[in-house]
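In case you want the letters, here they are:
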Amino acid sequence: MTTLTHRTRRTEVGKNSEKKVESEEDINQERNPDSEDSGDSKDIRLTLMEEVLLLGLKDKEGYTSFWNDCISSGLRGGILIELAMRGRISLEPPTMRKKRLLDRKVLVKSDSPTGDVLLDETLKHIKATDPTETVQTWIELLTGETWNPFKLQYQLRNVRERIAKNLVEKGILTTEKQNFLLFDMTTHPVTNTTEKQRLVKKLQDSVLERWVNDPQRMDRRTLALLVLAHSSDVLENVFSSLTDDKYDMAMNRAKDLVELDPEVEGTKHSATEMIWAVLAAFNKS
């Protein structure tokens, strides 16, 4: 599990539109005048997984840190949240026996295609699974962290490369080959730095100028991205360009956010349960 730490030294900073989805949650968001997402991206719409990978990539080198062993599971958590936000999946209703987020199973609300290959592949797995599984189990299955050989079929393969190719198609990354002495590796340097900086500024503002000290009042996609960026160990990349005092403030506020009790926050009015369920899963891992 990742942790938020104070800065010891500076670290480096690093037109295809997504198909519109007709779901109740999407419609509610469009009707919300306070939604931060409404004007952030006029021509380029990114999934949560694409945003997390973009934040984790080194701009010029085009690859994530070799020491980052959290981003794989973070991307899978992003897939589950994205599906929930598009009205495709949800948690089963709470009962007296199953109140905790991590005890409740993931159910399919709609199996209509999303237009994203990774999302649709995951949705197909969830629909075909009987008995149903919990959020934590699905993150483990999609990552391939299971000892059950009959469950290995649910592992999503080449996720980073497939997400990177989506970003290449959207004009944000490019594709290159780099030689690392013993092997060649495909890399994806950032070409559209404006889009990445827009994303970075959005997250910085959410814990500085736009800080509301209440997750229920935050834009839900911004909240989800903060949770996923923390869980994927790329949040320091977001704040590294800030001055020292603002960096400390941003880190402290982000820490306060991810250290909230998911079981409490998930039961509040208008809360997106899947965000808190994913955070609970990462806190337990």
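Identification of the protein chain as Golgi phosphoprotein 3 like from Loxodonta africana is taken from an unreviewed UniProt entry. Taken from UniProt, the Sequence similarities (unreviewed entry) comment for the protein chain reads in full: "Belongs to the GOLPH3/VPS74 family."

Colleague: Sorry, what's going on with the overall build of the protein chain here?
Modeller: For the protein chain, the helix and strand inventory stands at twelve helices and four strands. When each of the 285 residues of the protein chain is scored for burial, the buried share is 52%. Surface accessibility of the protein chain: about 14600 Å² in total, with carbon and sulfur atoms responsible for 49%.

Colleague: I keep staring at the pattern of salt bridges and nothing clicks. Help me out?
Modeller: A side chain of one charge can pair with a side chain of the opposite charge when the charged atoms of the two come close. As enumerated under the stated definition, the model contains 13 salt bridges in all. Note that Asp103 and Arg100 form a salt bridge whose closest N and O atoms lie 3.1 Å from each other. You can call Asp103 partly exposed: its relative accessible area is 30%. A salt bridge links Asp205 to Lys201; its shortest N-O distance comes to 2.7 Å. A residue pair is termed a helical-turn pair when its members lie 3 or 4 positions apart in one helix, as Asp205 and Lys201 do in helix α7 (residues 193-207) at four residues. Under the relative-accessibility criterion, Lys201 is labelled partly exposed at 48%. Here the salt bridges share partners, and the residues they tie into one network are Glu82, Arg86 and Arg221.

Colleague: Before we go on, may I ask you to explain helix α6 (residues 159-169) in this structure?
Modeller: Because the α-helix completes a turn every 3.6 residues, residues three or four places apart line up on one side. Listing the buried residues of α6 in full gives Val159, Ile163, Ala164 and Leu167. Seen from one end, α6 has its buried residues packed into an arc of 125°, which puts them on one side. Where α6 is buried, its residues meet α2 (48-56), α3 (71-85) and α4 (117-128). Downstream of α6 by one or two residues, Gly171 has phi in the positive range, about 80°.

Colleague: Whenever I open this one, the nonpolar core confuses me. Can you help?
Modeller: Burial of nonpolar side chains together is a common tendency in soluble globular proteins. Of all hydrophobic cores here, the largest spans 75 residues; its most connected members are Leu55, Leu80, Ile81, Ile89, Val135, Phe239 and Met274. Ranked by residues supplied to this core, first place goes to helix α12 (residues 273-284) with nine residues. Ignoring sequence-local partners within four residues, the contact set of Leu55 consists of Lys196, Leu199, Val200, Leu203, Leu225, Ala229, Val234, Asn237 and Val238.

Colleague: What is the right way to read the packing of α2 against α3 from this model?
Modeller: For any two helices packed against each other, the geometry comes down to the angle between their axes and how far apart the axes lie. Taken N-terminus to C-terminus, the directions of α2 and α3 make an angle of 150°; their axes are 8 Å apart at the nearest point. In terms of their interaxial angle, α2 and α3 are classed as roughly antiparallel. Residues Leu48, Met49, Val52 and Leu53 of α2 touch α3, and the partners they reach there are Ile71, Leu75, Gly78, Ile79, Ile81, Glu82 and Met85. Grouping the amino acids of the contact of α2 with α3 by side-chain chemistry returns nine nonpolar, one polar and one charged.

Colleague: Help me understand the confidence of the model for the protein chain, please; the structure alone is not making it clear to me.
Modeller: Segments scoring low in pLDDT should not have their predicted coordinates read at a detailed level. For the protein chain, mean pLDDT is 86; residues scoring 70 or higher make up 85% of the total. Contacts of residues 8-42 to residues separated by more than four positions or lying in other chains number 61 contacts, the stretch itself having pLDDT below 50.

Colleague: Would you mind showing me how to read the environment of Glu263 here?
Modeller: Of note, Glu263 is situated in helix α11 (residues 262-265). Apart from the residues lying within four places of it in its own chain, the contact partners of Glu263 are Lys99, Arg100, Leu101 and Leu102. One polar contact links the side chain of Glu263 to the main-chain amide nitrogen of Leu101, over a distance of 3.0 Å.

Colleague: I'm lost on the environment of Val264 in this one. Help?
Modeller: Residue position: Val264 is located in helix α11. Each C-alpha atom of the pair Val264 and Trp276 lies 9.1 Å from the other, and the pair is twelve residues apart in sequence.

Colleague: What is the right way to look at the pairing of strand β4 (residues 184-187) in this model?
Modeller: Within a regular strand, the side chains alternate between the two sheet faces. Side chains Met185 and Thr187 project from β4 onto a buried face, and the interleaved Asp184 and Thr186 project onto a face without burial. Sheet topology places strand β3 (residues 176-179) next to β4; four bridges connect them, and they run antiparallel. Pairing of Asn179 across the sheet is with Asp184, part of β4.

Colleague: How should I be thinking about unusual backbone geometry in this particular structure?
Modeller: Note: most residues except glycine have negative phi, and most peptide bonds are trans. Residues Asp130 and Pro131 are joined by a peptide bond in cis, for which omega reads 5°. In this fold, Pro131 is placed in the loop between α4 and α5 (135-143). Of note in this structure, Asn158 is not a glycine but carries a positive phi near 55°. Here Asn158 lies in the loop between α5 and α6. For Ser270, which is not glycine, the phi torsion reads 65° and is therefore positive. With respect to the helices and strands, Ser270 occurs in the loop between α11 and α12.

Conventions we followed
Residues numbered from 1 in each chain as written. Predicted model: local features only at pLDDT ≥ 70, side-chain atom pairs only at ≥ 80, totals over all residues. Heavy atoms only, no water. UniProt positions renumbered as here; feature names shortened; annotations may be inferred. Helix = DSSP H or I, 4+ residues; strand = E, 2+ residues; numbered from the N terminus. Buried < 20%, exposed > 50% of the residue type's maximum accessible area, 1.4 Å probe, protein only. Areas by Shrake-Rupley, 256 points an atom, 1.4 Å probe, with all protein chains shown as cover. Salt bridge = Lys/Arg side-chain N within 4 Å of Asp/Glu carboxyl O. Arc of directions from axis to C-beta. Contact = heavy atoms within 4.5 Å. Core = buried A, V, L, I, M, F, W, Y, C linked by side-chain atoms within 4.5 Å. Axes fitted to C-alpha atoms, helices over the stretch in contact; angles between N-to-C directions. Parallel < 35°, antiparallel > 145°, perpendicular 65-115°, else oblique. Nonpolar A, V, L, I, M, F, W, Y, C, P; charged D, E, K, R; others polar. pLDDT = per-residue confidence, 0-100. Polar contact = N/O pair within 3.5 Å; in protein donor to acceptor, adjacent residues only side chain to side chain. Pairing = 2+ DSSP bridges.

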